[in-house]
Amino acid sequence: MKRPAVILLALLAVLLLLFDVDIRPEFAWPGDASAPDPEQEQRYLACVAERDRAIHAETFERIDNPDVQREVLATRKDRAKRECRDRFPTRTITVSEPFRFNLLDVRFRY
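Residues numbered from 1 in each chain as written. Predicted model: local features only at pLDDT ≥ 70, side-chain atom pairs only at ≥ 80, totals over all residues. Heavy atoms only, no water.

Q: Where do I start with the packing of aromatic side chains in this structure?
A: A ring pair, where both rings are aromatic, is described by two values, the distance of the centres and the angle of the planes. On inspection of all chains with the given rule, the structure shows 5 aromatic pairs. With centroids separated by 5.5 Å and ring planes inclined at 65 degrees, the aromatic side chains of Phe19 and Phe108 adopt a geometry described as edge-to-face. Here the residue Phe19 occupies a position in strand β1 (residues 19–28), and Phe108 occupies one in strand β4 (residues 100–108), the gap between them amounting to 89 residues. Residue class for Phe19 comes out partly exposed when judged on its relative accessible area of 27%. The exposure class of Phe108 is exposed, given its relative accessible area of 52%. When the centroid spacing of 5.2 Å and the interplanar angle of 80 degrees are considered together, the rings of Phe27 and Trp29 count as edge-to-face. For Trp29, a relative accessible area of 63% corresponds to the exposed category. In textbook terms, an aromatic cluster arises when at least three aromatic residues are bridged by ring pairs, as seen for Phe27, Trp29, Phe99 and Phe101. Above the face of the Tyr44 ring, Arg85 is positioned so that its terminal group lies 3.9 Å from the ring centre. (Phe/Tyr/Trp six-rings, centres within 6.5 Å; stacked < 30°, edge-to-face > 60°. Helix = DSSP H or I, 4+ residues; strand = E, 2+ residues; numbered from the N terminus. Buried < 20%, exposed > 50% of the residue type's maximum accessible area, 1.4 Å probe, protein only. Lys NZ or Arg CZ within 6 Å of the ring centre and 35° of its normal.)

Right, here's the structure in full:
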């Protein structure tokens, strides 16, 4: 083998040892797409966080049993998420997506 080929193979071996290489070809033309409205999602998340703080405070104040606390928290948090989603329903907006072209994803292993 010639010297450049040996150097190229050595560099390729080092690349594969030090980096995690994923071959995921991705190709997309530019265009419009719908996405959730970030402002509405922030309002929803703020509502959930506010209700979550209140739920935790009330639950830990009234109930001493950890198993019961866990069940009450889960149930009330699910209800709070539904109620907040009713207050702040999902809205979509149109966003422009750029041209995308990707062949490899390389991440450092260590």
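Structure shown, so let's carry the discussion forward.
Q: What should I look at first to understand the state of the cysteines in this one?
A: Working definition of a disulfide: a covalent bond connecting the sulfur atoms of two cysteines. Following the criterion strictly, the structure yields 1 disulfide and no others. With its sulfur 2.0 Å from that of its partner, Cys47 forms a disulfide with Cys84. Residues Cys47 and Cys84 are joined through a disulfide that is left-handed, its torsion about the S-S bond being -75 degrees. Of the two residues, Cys47 is situated in helix α2 (residues 38–62) and Cys84 in helix α3 (residues 66–87); the sequence distance between them amounts to 37 residues. Residue class for Cys47 comes out buried when judged on its relative accessible area of 6%. (Disulfide = S-S within 2.5 Å.)

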